[in-house]
Amino acid sequence: MTLRLGAVLVSAALVALTACGTDDNSGLPGAVDFSLESLDCGPGGALLASGSSAQSNAMEVWVNTYQANCDGSQINYKATGSGAGVQEFLQGTTAFAGTDSPLTEGEVDASRAVCRDGGHAVHLPMVAGPIAVGYHLPGVDDLALDSATLARIFDSQIRRWNDPAIAALNPDADLPDIPITPVHRSDGSGTTDNFTSYLHAAAPDAWPHEPDKAWKGSGGQSADGSSGLVGMVQQNEGAIAYFELSYAHQNGIDTVRIDTGASEPVEATVENASNAIAEAPPAGTGDDLVLELDYGTRAEGVYPIVLVTYEIVCDRGNDPATLDLTRAFLRYAAGEEGQRALAEIDYAPISDDIIQQVRRRIDAMA
């Protein structure tokens, strides 16, 4: 594919994280050391990629670390959102794309026009993390909800916090008699797509709407981006919303434990999200590694609302001018150092079995 790089080069210390109506991450928690004792660098040069903003903190660490240790490399990842990133990749303007939702069959077919030598786009799962359900309820710092109750809350069927369905799941909580304000994304979002995929799969009777990047539920309030949802929860007593775990941690927001039917409700943690990824078998064909999440799991310590971000590359037929640098950068990101960095910023590293397959796919890129 032909890369048009002229105006996109950035300094070696920065990665462009441009939010266009999508998840707008608010920076890395704490200080991050970008130095490594050793890193297998590829050739110098410039690389342009774009897509998922849910992975923007991970990309910031990966890009800055790679550039700090590999002289002459300039990597620009634009966090434009999954849909825009996929379209740029299919137009041949980027070396790879990040997406929180798997490509459609039509998009895979379209990729054959930009992947040379009969190649096509494949999914490499590189980043995962729990979608937390955050709430603002003074006096209640421990709250458990199951999928059906969550679905009815977000579809405006359960309207008050002392509703019998919530009380039955929280017998020891002093639930106030105040309105529930469910808040959803106003913009198209991979986070919404994944959250509603969970509701639809785990509680189809309570959530009849098909999963989508655009919100399909009834009522509630809306806000732009995960940062907008955080603001609504912080400012409104009785509010509840969904966003990546890092937003809850950075803003001191209480999160719901999910009653999956296991012996104990499951907390939104990196470890519990990693357990969900470990249980997810690849569902793609050939070299493709789309994962099939079990939203209805009852396994102990497995958090069911998980977002997986895929890097989209050509299995073969990548642009020879950028192939070696793309492969080197993705090798680092999928390697032990790159994956280890994720847990420090509220992401879940991909499970050992899956990430080893990802590494083999990266090595086989041509």
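Cut-offs applied
- Residues numbered from 1 in each chain as written.
- Predicted model: local features only at pLDDT ≥ 70, side-chain atom pairs only at ≥ 80, totals over all residues.
- Heavy atoms only, no water.
- Core = buried A, V, L, I, M, F, W, Y, C linked by side-chain atoms within 4.5 Å.
- Buried < 20%, exposed > 50% of the residue type's maximum accessible area, 1.4 Å probe, protein only.
- Helix = DSSP H or I, 4+ residues; strand = E, 2+ residues; numbered from the N terminus.
- Axes fitted to C-alpha atoms, helices over the stretch in contact; angles between N-to-C directions.
- Parallel < 35°, antiparallel > 145°, perpendicular 65-115°, else oblique.
- Contact = heavy atoms within 4.5 Å.
- Nonpolar A, V, L, I, M, F, W, Y, C, P; charged D, E, K, R; others polar.
- 1 Å grid on protein atoms, 1.4 Å probe; cavity = no way out; pocket = protein on both sides within 12 Å on 5 of 7 lines; lining within 4 Å.
- Points joined across faces, edges and corners; volume = space filled by probe spheres on them.
- Phe/Tyr/Trp six-rings, centres within 6.5 Å; stacked < 30°, edge-to-face > 60°.
- Left-handed = near helix turned anticlockwise from the far one by under 90°.
- Pairing = 2+ DSSP bridges.
- Right-handed = clockwise from strand over helix to strand, strands pointing away.

Trainee: Help me out: how do you make sense of the nonpolar core in this one?
Mentor: Note that soluble globular proteins tend to have their nonpolar side chains buried in a common cluster. Of all hydrophobic cores here, the largest spans 113 residues; its most connected members are F96, F154 and I240. By residue number, the principal contributor to this core is strand β4 (residues 121-135), which donates ten residues.

Trainee: Any chance you could explain the packing of helix α10 (residues 320-334) against helix α11 (residues 336-343) here in plain terms?
Mentor: Helices that pack against each other are described as a pair by the angle of their axes relative to one another and the distance between those axes. With their axes 4 Å apart at the nearest point, α10 and α11 run at an angle of 50° to one another. Taken together, the axis directions place α10 and α11 in an arrangement best described as oblique. Side by side, α10 and α11 meet where Y332, A333 and A334 of the first sit next to E336, E337, G338 and Q339 of the second. Among the residues making up the contact of α10 with α11, the classes are represented as three nonpolar, two polar and two charged.

Trainee: How should I be thinking about empty space enclosed by the protein in this particular structure?
Mentor: Rolling a probe over the atoms, with the probe sized like a water molecule, indicates the empty space that remains. This model, assessed by the stated rule, comprises four cavities of 30 Å³ or more. Within this model, the largest cavity holds a volume of roughly 100 Å³. Every residue lining the largest cavity is counted, 15 residues in all, and those nearest its centre are A54, G129, E244, D346 and Y347. The set of elements that each furnish at least two residues to the lining of the largest cavity consists of β4, α8 (245-251) and β11 (306-314). A breakdown of the residues in the lining of the largest cavity according to their chemical character gives eight nonpolar, five polar and two charged.

Trainee: Can you help me understand the packing of aromatic side chains in this one?
Mentor: When we look at a pair of aromatic rings, we describe it by the centre distance and by the angle of the planes. Applying the stated criterion across every chain, the model contains ten aromatic pairs. A ring pair is formed by F154 and F195, whose centres lie 5.2 Å apart and whose planes are at 75°; its orientation type is edge-to-face. Of this pair, F154 sits in helix α4 (residues 147-154) while F195 is found in helix α6 (residues 190-202), placing the two residues 41 residues apart along the sequence. Under the relative-accessibility criterion, F154 is labelled buried at 1%. According to the relative accessible area criterion, F195 is buried, its value standing at 0%.

Trainee: How do you make sense of the packing of helix α1 (residues 56-69) against α11 when you look at a structure like this?
Mentor: Following both chains from N to C, one finds α1 and α11 inclined at 140°, their axes separated by 10 Å at the closest point. With respect to each other, α1 and α11 are oriented oblique. Of the two elements, α1 crosses α11, and the hand of that crossing is right-handed. Contacts between α1 and α11 involve A58, V61 and W62 from the former and G338, Q339, A341 and L342 from the latter. Across the contact of α1 with α11, the residue classes break down as five nonpolar, two polar and no charged.

Trainee: Would you mind going over the pairing of strand β6 (residues 181-185) with me for this structure?
Mentor: Buried residues dominate β6, accounting for four of its five residues. With two bridges joining them, β6 and strand β8 (residues 239-244) adopt parallel strand pairing. Among the inter-strand pairings, P182 is bridged to a residue of β8, identified as I240. The pairing of β6 with strand β7 (residues 221-223) spans three bridges and is parallel. Its bridge partner being in β7, V183 is matched across the sheet by Q221. For the crossover from β6 across α6 to β7, the handedness is right-handed.

Trainee: Would you take a moment to explain the side chain of S111 for this structure?
Mentor: Relative to the assigned elements, S111 resides in helix α3 (residues 105-111). Excluding anything up to four places from it in sequence, S111 contacts L90, H120 and A121.

Trainee: Which parts of the structure should I look at to understand the environment of A241?
Mentor: Residue placement: A241 occurs in strand β8. When the C-alpha atoms of A241 and G72 are compared, they prove to be 43 Å apart, with 169 residues separating the residues in sequence. Apart from residues no more than four positions distant in its own chain, A241 is found in contact with A132, V133, G134, F154, V183, L229 and V233.

Trainee: What exactly am I supposed to notice about the layout of surface pockets here?
Mentor: If you add up the space inside the largest pocket, you get close to 260 Å³. Lining the largest pocket are D100, S101, P102, D193, N194, S197, L291, E292, L293, Y295, V308 and Y310. Breaking the lining of the largest pocket down by element, the ones donating at least two residues are α6 and β11. For the lining of the largest pocket, the leading source of residues is α6, giving three residues. Across the lining of the largest pocket, the residue classes tally to six nonpolar, three polar and three charged.

Interpretation in functional terms is not warranted from these geometric data alone.
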